[in-house]
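The lines below spell out each chain.
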Amino acid sequence: MADRALPVDGDEFRRLFEEHKDTVFRVLYRLAGNRHDAEDLVQDTFVRLWRKREQFRGDGSVEGYLRRIAYRTFLNARARLSRPRAHENNGREPVDHGPDPSESASRAELRSFLLAHVRRAVEELPDSWREPFVLFRYEGMKLKEIADTLGITPKAAEIRVARALERVSGRLRELKAKYGEAL
Amino acid sequence: MSHDLERIRDYVEDRLPPAEREAFAAEIARDPGLAELVETYELVVRATSDAPPAATTTFLDVVVRARAARRIPRPLLAAAALLVAVAIFAFLSAPLKRTPAPVTLKAIPLALRPAPEAPPHWPPELLTHKTADEDGLLFYDDLSTALAVAKAARAHVFLFIHFPGCSWCDEFRDVQCRDEAVIKAAEPYVLLTLDWRKAPEALREDPNGGWPIFDVLDADGRKIDGFKGMEPAGTVAEFLLGRTHPRPDWEGLGEGARRLEEAEAAGDAARRLELYRQVAAADNALSEVARAHIAAMEKEAQDALFAAREDVLRLGAAAAADRLGSAAAPLRGTPYGDDLDRVHTFVREHGSFPELKE
């Protein structure tokens, strides 16, 4: 797919959509945090791509170009997204972190319990930490690329990713303090 | 720190070259803090490795979205923005239009004034009074003129009634009328001489009492005093001086009359009003004449204003504006014209008649 022009007719564009929609969806799902917003953003991303098809100079991969449009679409839409924020639970039912490990729990069950907590800890990160962390973790971006994508300084990107990791690490320490032997 | 974060990730995801990986492993073994972060990141990777759900969005969804969000052409967008701006401006200015500020009148009174009587005309040649020349006293020989001058000057009339063939009458003309004391004493009077035969009935006294006959009349022609027969100049002067009577400012009256004449000829309303005001400021009979002229000007403006208010209701704002414009033009430069101009502007801008204040 690299180094080729964007399609200018509907059929080719449909093929490009089918080829890349899952990749774009995965990125946006992880950034937005829910399927509903991610689906919307995928549509917006491809609409933008169609409008900008003539601006694509062909000096990079279409996928890279598409990802950049997806990030930009997410950033533009961020204020209106409906992502449920687990860390702002506001009086709703407590978040289910899975069953408590007991003496009789198997090692596999303990591992599952631990991973559920880690996943939840990542989901509960503040947006300003979670977004660079998602790009770092899933997109494999260097900190400089994260900074460019989010419009922040490289130092800020580094601090946010580090704090995200420290926050998850802290949760792990709490769990170990509580269930040390079992975990 | 950035180096560490990226190396932690690359180590956990097994993307480091073998030598570098080995060195980093040794580093982890020496640094418990680093080891904790590596362990955390390993757990994060495992915890978040589940594949996300598959996208259900179809190409049709994208087409529908694209049509719904079809970009509006820039000129249309600019036109819409302009319309919105105009609408906002209209909305913001609407309260002002609903309750425009009242117009404050500086000269035209709001209380309805009666129409002033036509002011009398005083020819300056009458009021530039001269009671005598080198030939002695100068007499009017027409009763109505003399009374008019007397009225304008608030003066009394000294009437000398003669009769043809009356030698005393001739002597009075030749002697007393040239006497300086008499000339001086006669100065406050309007001087009138009449032939007994042509005098009004009320003034035609019995000629047997002596000649000439002398009367003092008020400005309405009523006799106030008098004497008959020839008297020496000193007695005549004494008679004239001894009476209580008004002493007109002949010079001021002459100047006032000249100004009134100039005002009537002036095409410029501002100049006309200025002259009327100068005359009105003097305390003489002409002041009232000048005030009458000012009142007529004021009434003209007031009539136009009130008529325009009715026009708005009966004929519409355009008719009212026409009337106000026509009325203001000849009064331009005066406070009355300014008042009419302000109301005229209001009616044109708002299409209604303003609330008026004094």
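Residues numbered from 1 in each chain as written. Chains lettered and ligands numbered in written order. Predicted model: local features only at pLDDT ≥ 70, side-chain atom pairs only at ≥ 80, totals over all residues. Heavy atoms only, no water.

*Asks:* Explain the interface of chain A and chain B to me, and be specific about the residues and the numbers.
*Replies:* Across the contact, 43 residues belong to chain A and 35 residues belong to chain B. Summed over both partners, the interface of chain A with chain B comes to about 3700 Å²; 60% of that surface belongs to carbon and sulfur atoms. Our count for the chain A to chain B interface comes out at four salt bridges. Ionic pairing is found between Arg65(B) and Asp44(A), a salt bridge with its closest N-O pair at 2.5 Å. Summed over the shared surface of chain A and chain B, the result is 17 residue pairs in polar contact (both at pLDDT 80 or more). Elements represented by at least two residues in the side of chain A that touches chain B include exactly helix 1 (10–32), helix 2 (35–51), helix 4 (107–123), helix 5 (127–137) and helix 7 (154–179) of chain A. Here the side of chain A that touches chain B gets 11 residues from one element, more than from any other, and that element is helix 1 of chain A. Here the residues of the side of chain A that touches chain B sort into 21 nonpolar, four polar and 18 charged. (Contact = heavy atoms within 4.5 Å. Buried area = accessible area lost by both parts, 1.4 Å probe. Salt bridge = Lys/Arg side-chain N within 4 Å of Asp/Glu carboxyl O. Polar contact = N/O pair within 3.5 Å; in protein donor to acceptor, adjacent residues only side chain to side chain. Helix = DSSP H or I, 4+ residues; strand = E, 2+ residues; numbered from the N terminus. Nonpolar A, V, L, I, M, F, W, Y, C, P; charged D, E, K, R; others polar.)

*Asks:* Outline a nonpolar patch on the surface, supporting the account with residue identities and numerical values.
*Replies:* Together, Val84(B), Ile88(B), Phe91(B) and Leu92(B) give the surface a local cluster of nonpolar side chains, amounting to about 440 Å² of exposed area. The exposure class assigned to Val84(B) is partly exposed, which follows from its relative accessible area of 47%. (Patch = residues over 30% accessible without salt bridge, like charges linked within 9 Å, V, L, I, M, F, W, Y side chains within 5 Å. Areas by Shrake-Rupley, 256 points an atom, 1.4 Å probe, with all protein chains shown as cover. Buried < 20%, exposed > 50% of the residue type's maximum accessible area, 1.4 Å probe, protein only.)

*Asks:* Break down the side chain of Asn34(A) for me, citing the residues and quoting the values.
*Replies:* All names here are of chain A. With respect to the element layout, Asn34 can be found in the loop between helix 1 and helix 2. Looking at Asn34, its side chain comes within polar contact range of the main-chain nitrogen of His36, at 3.1 Å. One polar contact links the side chain of Asn34 to the main-chain amide nitrogen of Asp37, over a distance of 2.8 Å.

*Asks:* Lay out the sheet that holds strand 4 (residues 157–162) of chain B with the relevant residues and their values.
*Replies:* Within a sheet, adjacent strands bond to each other through the backbone by hydrogen bonds, running parallel or antiparallel. All names here are of chain B. Taken in spatial order, the four strands line up as 5-4-6-7 in an open sheet, and their pairing is mixed. This sheet does not close on itself; its edge strands, each paired only once, are strand 5 (190–195) and strand 7 (223–228). Taking the axes of each pair of neighbouring strands and ignoring which way they run, one obtains an average angle of 20° across the sheet. As defined by bridge partners, strand 6 (residues 213–217) adjoins strand 7 across five bridges and the pair is classed as antiparallel. In the sheet register, Ile213 faces strand 7, and the bridge partner there is Lys228. Sitting on the sheet, helix 7 (residues 143–153) touches strand 4, strand 5 and strand 6, and the angle it makes with strand 5 is about 165°. Against the sheet, helix 10 (residues 233–242) touches strand 4, strand 6 and strand 7, its axis set at about 170° to strand 7. (Pairing = 2+ DSSP bridges. Axes fitted to C-alpha atoms, helices over the stretch in contact; angles between N-to-C directions.)

*Asks:* Account for the packing of aromatic side chains, with residues named and values stated.
*Replies:* Residue and element names in this part refer to chain B. Within the structure shown, the criterion is met by 19 aromatic pairs over all chains. Measuring from centroid to centroid gives 4.8 Å for Phe227 and Phe239, while their planes differ by 70°, and the two rings are edge-to-face. Of the two residues, Phe227 sits in strand 7 while Phe239 sits in helix 10, which places them 12 residues apart along the sequence. The exposure classification of Phe227 matches that of Phe239, with both residues buried. Joined through ring pairs, the aromatic side chains of Phe139, Phe158, Phe160, Phe172, Tyr189, Phe214, Phe227 and Phe239 make up one cluster. Its end group placed over the ring of Trp196, Arg204 keeps NZ or CZ at 5.6 Å from the ring centre. (Phe/Tyr/Trp six-rings, centres within 6.5 Å; stacked < 30°, edge-to-face > 60°. Lys NZ or Arg CZ within 6 Å of the ring centre and 35° of its normal.)

*Asks:* Describe the nonpolar core, listing the residues and the values that go with them.
*Replies:* Counting 80 residues, the largest nonpolar core has Leu240(B), Leu286(B), Leu305(B), Leu340(B) and Val343(B) as the members making the most contacts within it. At 11 residues, the largest contribution of residues to this core is made by helix 13 (residues 285–314) of chain B. With residues near it in sequence (within four places) discarded, Leu240(B) still touches Phe158(B), Val182(B), Ala185(B), Ala186(B), Tyr189(B) and His245(B). Formed by 70 residues, the second largest nonpolar core is a distinct cluster that contains Ala38(A), Phe46(A), Val161(A) and Leu34(B). (Core = buried A, V, L, I, M, F, W, Y, C linked by side-chain atoms within 4.5 Å.)

*Asks:* Can you break down the pattern of salt bridges residue by residue, with the values?
*Replies:* Applying the stated criterion across every chain, the model contains 38 salt bridges over all chains. Linking Arg65(B) and Asp40(A) is a salt bridge whose minimum nitrogen-to-oxygen distance equals 2.9 Å. Here the residue Arg65(B) occupies a position in helix 4 (residues 59–68), and Asp40(A) occupies one in helix 2, the pair thus bridging two chains. Here Arg15(B) ties to Asp10(B) by a salt bridge, and the two come within 3.2 Å at their closest N and O atoms. Via salt bridges that share partners, Glu255(B), Arg258(B), Arg259(B), Glu262(B), Arg271(B) and Glu274(B) belong to a single interconnected network.

*Asks:* Go over the side chain of Arg9(B), please, and point to the residues and values.
*Replies:* The topology assignment puts Arg9(B) in helix 1 (residues 2–12). Polar contacts involving the side chain of Arg9(B) include one to the main-chain carbonyl oxygen of Phe136(A), which spans 2.7 Å. Residues within four places of Arg9(B) in sequence aside, it is in contact with Phe136(A), Gly140(A), Met141(A), Lys142(A), Arg15(B) and Tyr41(B).

*Asks:* Please provide a residue-by-residue account of unusual backbone geometry, values included.
*Replies:* Glycine aside, the phi torsion of most residues is negative, and most peptide linkages are trans. Residues and elements named next belong to chain B. Backbone torsion omega between Trp211 and Pro212 reads -10°, so that peptide bond is classified as cis. When you line up the elements, Pro212 lands in the loop between strand 5 and strand 6. Residues other than glycine seldom take positive phi values, yet Asp14 does so here, at roughly 60°. Within the secondary structure layout, Asp14 lies in the loop between helix 1 and helix 2 (18–30). The backbone of Arg154 sits at a positive phi, close to 50°, despite the residue not being glycine.

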